[in-house]
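Here's the letter readout for the chains.
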Amino acid sequence: MHASNSQVRARRAAYTALAASLLCAAVAGPARADGADDAAPDQMILQLSTQVLEEIRGDKAIQAGDFARVEKLVNERILPRVDFDKMTRLTVGRPWRAATPEQRSALTEEFRNLLMRTYSGALSKVSDQKVRLRPSHGQDGASDVIVRTQIVASQGDPVALDYRLEKTPAGWKIYDLNILGVWLVENYKSEFLEPLNQGGVDNLIKVLKEKNRKVVAAKS
Amino acid sequence: MSGHLRGGPAAILFAAACALGGCAATIPPGAGGNPADPFERVNRHIDAFNTRFDENVGQPAARGYNAVLPRVLRDCLSNIFDNLAEVGNLFNATLQAKAGEAARDAGRLLINSTVGIGGCFDVATPAGLERKRQNFGVTMGTWGVPQGAYLVLPLLGPSTVRQTAGLIPDFYLTDPVGYLRPAKDVYYVGTVRLLGDRAAILDASRLVDEAALDRYTFLRDGYLQRLRSRVNDGSGMSAPPIEDPDAPDPPGDAPPPAAPPAVAPPGATAAAAPADAPADAPPAR
């Protein structure tokens, strides 16, 4: 019982929204990538979010909590639309510079696994959420934008969900997420500090691996 | 947040929870280094107590609440409490000089109390009037009162010095439940409210355990980020710049300690990395 009234309901919807949004990141598979590349980032996010929510709602197995199915959906849909390299690099910060390519790819993989495995669980809780765009300003022609959306459901408060995207040769890619005022990269940046302080990049990799192992063990 | 428990019962619960599972916390070596959290040691102990209490009392009670009350009734109850909270939302929106928001709060209170039958049904949201939660701590923040040090309150959880001070008007002034007489009704009703709140986030709280490397810092930093965003009201482009390690340092910065982003020998760089990491302490919040 240690959350205030105002955070409580928000947090519940927030994790559902985060999971849904991670899923939203890439419904467009390879066949549609060309068209999606040119789309304005906010339209792309809106379209993908809506499609993904519909997909989850229509999938009984996911709703029943079939974890393998969720993972499959996540692996197929999300990877093309999220730049995990950049997300990990920004979260790790300065120590990234001194890391070897092997360390970097280990970090990226473990961080990606952590996010996917953790938040996939919330996907089965999607019910009647809808996505709306919120106004964002002055971003025409920019290659690094913030798209603001809102997830509304019949129960609970609307959840503000923002994305930071960068335009790459392969299209717009998400590299940070904000739910209810909390940016993912900033939040995990401070999570990473202690393991980095205690033993550098290798220790961080070790901690992430151990964490992922525990999460998988708990789910199986 | 509102203070629903006072004095005596809280102390008894504290003792019981400590007896049940101990209240020691593992304090990591870097504790107290974050300028936003100078009381980290104490906070971690209280957080350990809260966790114990939650595991042994809060969660079972919340599960029982979910089991005993049908969904329809739980929703109705939580809507009624949310409707009562509109008084506080309206009060604080007014103090923040947000006329549009205050009007919406008043509209919500009116519509849900009448058409929504005492608040049981939230008919205002589908009608286009969205809920906007406020509290006095956030109001003080909009007046420029600094956030203050991070605090973990027994049973109530994450807070700051300013937010804790705000609990007093929140509970004694703008919370209708606080006006119930006799006083024991305040406890009963307040407990039901807390139970409902806890039950609503059972899933999300499990998710935090899975998502976080360190639950304490995860909740702290998420809470503080969210609080800042509420005070700034999510205005415009509140996106702090993130330092990209691949980008070149602006002139005047100390050069990076090891080789450029290309391959570097693991031995030398592993030693350099930890030495560099403390410089990356998050900015004061």
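Residues numbered from 1 in each chain as written. Chains lettered and ligands numbered in written order. Predicted model: local features only at pLDDT ≥ 70, side-chain atom pairs only at ≥ 80, totals over all residues.

(A) Fine view of the overall build of chain B. Each helix and strand counted, chain B has 10 helices and two strands in total. Helices and strands in chain B line up, N terminus first, as α-α-α-α-α-β-β-α-α-α-α-α. Expressed as a percentage of the 285 residues in chain B, the buried residues total 38%. Pairs at least 24 apart in sequence give 61% of the contacts found in chain B among residues at least 6 apart. (Helix = DSSP H or I, 4+ residues; strand = E, 2+ residues; numbered from the N terminus. Buried ≥ 20, exposed ≤ 12 C-beta atoms within 10 Å, placed from the backbone. Contact = placed C-beta atoms within 7 Å.)

(B) Structural detail: the packing of helix 2 (residues 40-68) of chain B against helix 7 (residues 183-200) of chain B. Residues and elements named next belong to chain B. Here helix 2 crosses helix 7 at 90°, and the two axes come no closer than 8 Å. Judged on the interaxial angle alone, helix 7 and helix 2 are roughly perpendicular. Here Gly 58, Ala 61, Ala 62, Tyr 65 and Asn 66 of helix 2 lie close against helix 7, whose contacting residues are Leu 195, Gly 196, Arg 198 and Ala 199. (Axes fitted to C-alpha atoms, helices over the stretch in contact; angles between N-to-C directions. Parallel < 35°, antiparallel > 145°, perpendicular 65-115°, else oblique.)

(C) How the structure looks around unusual backbone geometry. Residue and element names in this part refer to chain B. The peptide bond linking Arg 181 to Pro 182 adopts the cis configuration, its omega dihedral lying at 5°. Along the chain, the position of Pro 182 falls in the loop between helix 6 (161-172) and helix 7. A positive phi angle is found at Leu 155, which is not glycine, with a value near 70°. Its place among the elements puts Leu 155 in the loop between strand 1 (150-153) and strand 2 (157-160).

(D) Expanded view of helix 6 of chain B. All names here are of chain B. In this model, helix 6 (12 residues) spans 18 Å end to end at C-alpha, consistent with the 16 Å of a helix rising 1.5 Å per residue. The complete set of buried residues in helix 6 reads Arg 162, Gln 163, Gly 166, Leu 167, Asp 170 and Phe 171. Along helix 6, the residues classed as buried sweep out an arc of 155° about the axis, all on the same side. Looking at helix 6, the residues exposed on the side facing more than 90 degrees away from the buried face are Ile 168 and Tyr 172. Looking at the buried residues of helix 6, the elements they touch are helix 3 (71-95), helix 5 (136-142) and strand 2. (Expected span 1.5 Å × (residues − 1). Arc of directions from axis to C-beta.)

(E) Structural view of the sheet that holds strand 1 (residues 130-134) of chain A. Residues and elements named next belong to chain A. Spatial ordering of the open sheet is given by 1-2-3-4-5, a layout of five strands whose pairing is antiparallel. Looking at strand neighbours, the two that pair on one side only are strand 1 and strand 5 (182-183), the edges of this open sheet. Against the sheet, helix 3 (residues 41-58) touches strand 1, strand 2 (144-152), strand 3 (159-168) and strand 4 (171-179), its axis set at about 35° to strand 2. (Pairing = 2+ DSSP bridges.)

(F) Expanded view of the nonpolar core. In this structure, Leu 107, Tyr 163 and Leu 204 of chain A are the most contacted members of the largest nonpolar core, which totals 66 residues. The element contributing the most residues to this core is helix 8 (residues 184-219) of chain A, with 11 residues. When sequence neighbours within four positions are dropped, the list of residues in contact with Tyr 163 of chain A reads Ile 45, Ile 146, Val 147, Ile 174 and Leu 177 of chain A. Counting residues in each nonpolar core, the second largest holds eight residues, with Tyr 216, Tyr 223, Leu 227 and Val 231 of chain B among its members. (Core = buried A, V, L, I, M, F, W, Y, C linked by C-beta atoms within 7 Å.)

(G) Focus on helix 8 (residues 202-211) of chain B. Ala 204, Ser 205, Leu 207 and Ala 211 of chain B are the residues of helix 8 of chain B that are buried. Within helix 8 of chain B, the buried residues cover an arc of 155° as seen down the axis, which keeps them to one side.

(H) Quick look at the environment of Gly 166 of chain B. You can see Gly 166 of chain B is positioned in helix 6. Along the sequence, Gly 166 of chain B and Thr 139 of chain B sit 27 residues apart, while their C-alpha atoms lie 8.6 Å from each other.

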